[in-house]
Amino acid sequence: MSDWTVLLPERLNREVAELTPGERKALYLALKQLSEDPRADSRAEPLTGAELRRVLCAPAADTGGVVTILYRVIPDTRTVAVIWLVAGP
């Protein structure tokens, strides 16, 4: 089966640009895993009362900061729609 499409909205470009290089790498690796199967990651938590999931990226090698990805899975089109990114310690 083919990979899923990951949609990262243009409005999140600023947040991505403000990440450290290590945080960007961790984000990239997490998005790559989501593209393989967004429901397979046991760390991904469905949020109660919404059709959203969240997953924490691995800690950044340079700062130890963690990026949280909030996303929606759209099975009909095999799409992962990233809704929000939150970075922090």
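Residues numbered from 1 in each chain as written. Predicted model: local features only at pLDDT ≥ 70, side-chain atom pairs only at ≥ 80, totals over all residues. Heavy atoms only, no water.

Asks: Describe the overall build of the protein, and please don't skip the residues or the numbers.
Replies: Within the protein, the secondary structure is distributed over two helices and five strands. In the protein, the order of α-helices and β-strands from amino to carboxyl end is β-α-α-β-β-β-β. Burial analysis of the protein (89 residues in total) assigns 34% to the buried set. Sequence separation of at least 24 residues holds for 49% of the intrachain contacts in the protein that already meet a minimum separation of 6. When the accessible area of the protein is evaluated, it comes to approximately 5,600 Å², of which 55% is carbon and sulfur surface. (Helix = DSSP H or I, 4+ residues; strand = E, 2+ residues; numbered from the N terminus. Buried < 20%, exposed > 50% of the residue type's maximum accessible area, 1.4 Å probe, protein only. Contact = heavy atoms within 4.5 Å. Areas by Shrake-Rupley, 256 points an atom, 1.4 Å probe, with all protein chains shown as cover.)

Asks: Which residues make up unusual backbone geometry, and what values go with them?
Replies: Phi is positive for arginine 78, which is not a glycine, with a value near 50°. Looking at where arginine 78 falls in the secondary structure, it is placed in the loop between β4 (66-74) and β5 (79-88).

Asks: Provide a residue-level description of the pairing of β4, including the pertinent values.
Replies: Put simply, side chains in a regular strand alternate between the two faces of the sheet. By the alternation rule, side chains of β4 split into Val67, Ile69, Tyr71 and Val73, which are all buried, and Val66, Thr68, Leu70, Arg72 and Ile74, of which none is buried. Relative to β4, strand β3 (residues 53-56) is paired through four bridges, and the arrangement is antiparallel. Each bridged residue has a counterpart across the sheet, and for arginine 54 the counterpart in β4 is leucine 70. Note: β4 against β5, nine bridges, orientation antiparallel. Residue pairing in the sheet places isoleucine 74 in a bridge with threonine 79 of β5. Counting the residues between successive antiparallel strands, the hairpin from β4 to β5 contains four residues, one of them, arginine 78, with a positive phi of roughly 50°. (Pairing = 2+ DSSP bridges.)

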